[in-house]
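Descriptive analysis of the structure
The residues making up each chain are set out below.
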Amino acid sequence: SPGKAWGGRFEGGTDPRVEAFTESISFDARLAPHDVTGSKAHATMLAEVGLLTDDERDAIHDGLDAILAEIRAGKFPFRTELEDVHMHIESALTERIGDAGRKLHTARSRNDQVSTDLKLFVRESCETVDGLLQDLQRAFVGRCEGDLDVVIPGFTHLQRAMPVSASHSWLCWVEKLDRDRGRLRDCRARLNECPLGAAALAGTTLPIDRDRTAALMHFDRPAANSLDVSSDRDFLAEYLFALSLTATHLSQWAEEWVVWFSTEFGILSLPDAYTTGSSIMPQKRNPDVPELIRGKSARVVGALMQVMVLLKGLPTAYNRDLQEDKSPLFDAHDTVVACLELMPQIVAGATLNRERIAARLEDGFLDATALMEYAIRSGVPMRTAHGVIGKLVALCEQSSRRLADLTDAEFAEADERLVKGGSEGLRGVLGAANAAAALKSYGGGGREQVAAQIARWQKR
Ligand code: ARG
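Every chain begins its residue count from 1, and numbering advances along the sequence as written. Where totals are concerned, whole chains, interfaces and linings use all residues; where local detail is concerned, this predicted model gives features only for residues with pLDDT of at least 70, and gives and counts side-chain atom pairs only at 80 or more.

As annotated in an unreviewed UniProt entry, the protein chain carries the name Argininosuccinate lyase and is attributed to Alienimonas chondri. According to its UniProt record, the protein chain has this under Catalytic activity (unreviewed entry): "2-(N(omega)-L-arginino)succinate = fumarate + L-arginine". UniProt positions are given in the numbering used here, feature names are shortened, and annotations may be inferred rather than shown by experiment. In its Pathway (unreviewed entry) section, the UniProt record describing the protein chain reads: "Amino-acid biosynthesis; L-arginine biosynthesis; L-arginine from L-ornithine and carbamoyl phosphate: step 3/3."

In structure tokens:
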């Protein structure tokens, strides 16, 4: 290993199988832009405190820019012996600019360097995913005015429960996605302390200015404990949790729409461009894209678990295990981005099967709860009203009728208070559309409340 950056104390070479086993360049090359950002800030600071001349700093900056341009153009040679992205860039720099390149790693270790690169990656990723979540929110909100007056069955236990505006369902996802965005903001805010200058684990005897490097990279401040820095992957776990919950939300959405797309539910049609056929059954249209969004969420949750297990046994400061944090991070990020890039088109392109929905809307006694609440307003105690309406539902089932088909006399027999002063009020909540319109409470699924929420989101 005499040729290696760390080769000074070694006599023999490294077994090539060890090089292959320990390398990370095959997956950490994508950190190159962040590695260059960190190195340029470091060099700027080193020059300001007198550890580099201005000429050396300029040579470093120009050299790093040229190397990054080559990497971006796919012209940069990667070699397993050079281990990781940090070593590749530093050794290429030294090849080009000589001794100035040999000074770049002054008062720095790969331990604080990789941590800085990762924080820059996660910080940027939080913003990328936030933007995509916003696009998806827009797709849902964009449907809302057009679908406001479509009353659909709301389900609990996948059983017909109460009627709601279809737009109530779209805004349900908008709310969940908004909390996802809040978690990304929290993650981004908390990670924003700069690791650089913690060096290997204990800081340095050299007169560096950590506030300056932090400011140059738009961190709020330098991280306060050098031992903590090189072992801290909290930000990564937090980001993966935020992604996991987002992936879980996308998976729940996918599951709901797969069910709604079925012949049995028949609520939605999905656009041709986002469904696929069967290799044997000529009639099939399958919701493969939502199914894969549901399936890919497993990778994201798996990545979170992988990192949690990776971290749990580690002593403080750097341990090489930490190199294993990158693959799950990148995979989870790429997976969520891929799902989020497809979803807005599916959401915008789906159509409600209005006629089918309307034809079956009176199935399942969606108006039973509104009728019970009418009884409560007429002075019947809630538990009594529940029993009374339950019996009326049973009566309807026996005689294949809806609640609206019952006569005034039948209502009166169930409980006189239902029709005291006429049956007009009672008739006004029967039928799914009337029952939906009668929903008045804040945040509920009736037209009035949903319209108010649509207006709020449109403004946002
Ligand atoms: N490639 C390493 C990683 O991903 C960089 C840090 C290596 N540090 C060390 N002391 N070996 O974590």
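So, next bit.
With that out of the way, let us pick up the overall build of the protein chain. By the criteria applied, helices consist of DSSP H or I runs no shorter than four residues and strands consist of E runs no shorter than two, each listed in order from the N terminus. Counting its secondary structure elements, the protein chain contains 20 helices and 6 strands. Radius of gyration: over C-alpha atoms. The globule rule applied is 2.2 Å multiplied by the number of residues raised to the 0.38 power. Computed over C-alpha atoms, the radius of gyration of the protein chain comes to 31 Å, more than 25% over the 23 Å expected from 2.2 N^0.38 for 460 residues, which places it beyond the range of a compact globule. Seen along its three principal axes, the alpha-carbon backbone of the protein chain occupies a region of about 100 × 55 × 40 Å. The exposure label follows from counting other C-beta atoms within 10 Å of a residue's C-beta, where the C-beta atoms are placed from the backbone and the thresholds are 20 or more for buried and 12 or fewer for exposed, leaving partly exposed in between. Looking at the 460 residues of the protein chain, the share that counts as buried comes to 40%.

A word on helix 5 (residues 85-97). What a helix is expected to span follows from its residue count: subtract one and scale by 1.5 Å. Given a rise of 1.5 Å per residue, 13 residues ought to cover 18 Å, and the 18 Å separating the end C-alpha atoms of helix 5 matches this to within 8%. Looking at the buried residues of helix 5, the elements they touch are helix 2 (25-28), helix 3 (32-48), helix 4 (54-72), helix 6 (99-103) and helix 7 (110-147). Positive backbone phi, approximately 70 degrees, marks Gly98, located one or two places after helix 5. A pair of residues counts as a contact when their C-beta atoms, built from backbone coordinates, are separated by no more than 7 Å.

Okay, the domain arrangement of the protein chain next. These domain limits were set by an automatic method or by a database of domain assignments. Domain boundaries in the protein chain define domain 1 (15-106), domain 2 (111-212 + 220-359) and domain 3 (368-459). Inter-centroid distance (C-alpha atoms) of domain 1 to domain 3 is 71 Å.

Turning our eyes to something else, we now look at unusual backbone geometry. Despite not being glycine, Leu158 has its phi angle at roughly 60 degrees, a positive value. When the 9 C-beta atoms within 10 Å are taken as the criterion, Leu158 is described as exposed. Not every positive phi belongs to a glycine, and Ala199 is a case in point at roughly 55 degrees. Judged by the 23 C-beta atoms lying within 10 Å of it, Ala199 is buried.

This next bit is on the site of the ligand. Neighbouring the ligand are the residues Ser24, Asp28, Asp84, Arg110, Asn111, Val114, Tyr318, Arg320, Leu322 and Gln323. At 3 residues, the largest contribution of residues to the shell around the ligand is made by helix 7. Here the residues of the shell around the ligand sort into 3 nonpolar, 3 polar and 4 charged. The rule is simple: place the C-beta atom from the backbone, and if it lies within 6 Å of a molecule or strand, the residue is near it. Asp, Glu, Lys and Arg are counted as charged, while Ala, Val, Leu, Ile, Met, Phe, Trp, Tyr, Cys and Pro are counted as nonpolar; the rest, among them Gly, fall into the polar class.

Next up on the list: the nonpolar core. Residues enter a nonpolar core if they are buried, belong to Ala, Val, Leu, Ile, Met, Phe, Trp, Tyr or Cys, and are joined to the set through C-beta atoms within 7 Å. Counting residues in each nonpolar core, the largest one holds 115 residues, and the members touching the most others are Leu136, Phe140, Tyr239, Leu240 and Leu371. When near neighbours in sequence (up to four residues on either side) are disregarded, Leu371 contacts Ile389, Leu403, Val429 and Leu430.

Turning our attention to the pairing of strand 1 (residues 151-156). Inspection of the sheet shows strand 1 paired to strand 2 (residues 159-165) by 6 bridges, in the antiparallel sense. Of the residues in strand 2, the one forming a bridge with Val151 is Ser165. Two strands pair if DSSP finds at least two bridges between them. As consecutive antiparallel partners, strand 1 and strand 2 are separated by 2 residues, and within that stretch His157 has a phi angle of approximately 55 degrees, a positive value.

Here we come to the UniProt feature "domain: Argininosuccinate lyase C-terminal" (unreviewed entry) in the protein chain. UniProt records the feature "domain: Argininosuccinate lyase C-terminal" (unreviewed entry) for residues 365-418 in the present numbering. When the span residues 365-418 is considered, its composition is 63% helix and 0% strand, and the gap between its end C-alpha atoms is 18 Å.

The next thing to look at is the packing of helix 3 against helix 5. Inter-axis angles, ranging from 0 to 180 degrees, are taken between N-to-C directions of lines fitted to C-alpha atoms, where helices are fitted over the stretch in contact. Axis separation between helix 3 and helix 5 bottoms out at 10 Å; the angle between their running directions is 60 degrees. Taken together, the axis directions place helix 3 and helix 5 in an arrangement best described as oblique. For helix 3 against helix 5, the interelement crossing comes out right-handed. Between helix 3, through Ala32, Asp35 and Val36, and helix 5, the contact on the second element is made entirely by Val85, His86 and Ile89. For the contact of helix 3 with helix 5, the per-class residue count stands at 4 nonpolar, 1 polar and 1 charged. Small angles under 35 degrees read as roughly parallel and large ones over 145 as roughly antiparallel, with 65 to 115 read as roughly perpendicular and the rest as oblique. Each crossing gets its hand from how the near helix is turned against the far one by less than a right angle, where anticlockwise is left-handed and clockwise is right-handed.

Now for the UniProt feature "domain: Fumarate lyase N-terminal" (unreviewed entry) in the protein chain. Here the UniProt feature "domain: Fumarate lyase N-terminal" (unreviewed entry) sits at residues 8-302. The distance separating the terminal C-alpha atoms of residues 8-302 is 40 Å; by composition the span is 63% helix and 6% strand.

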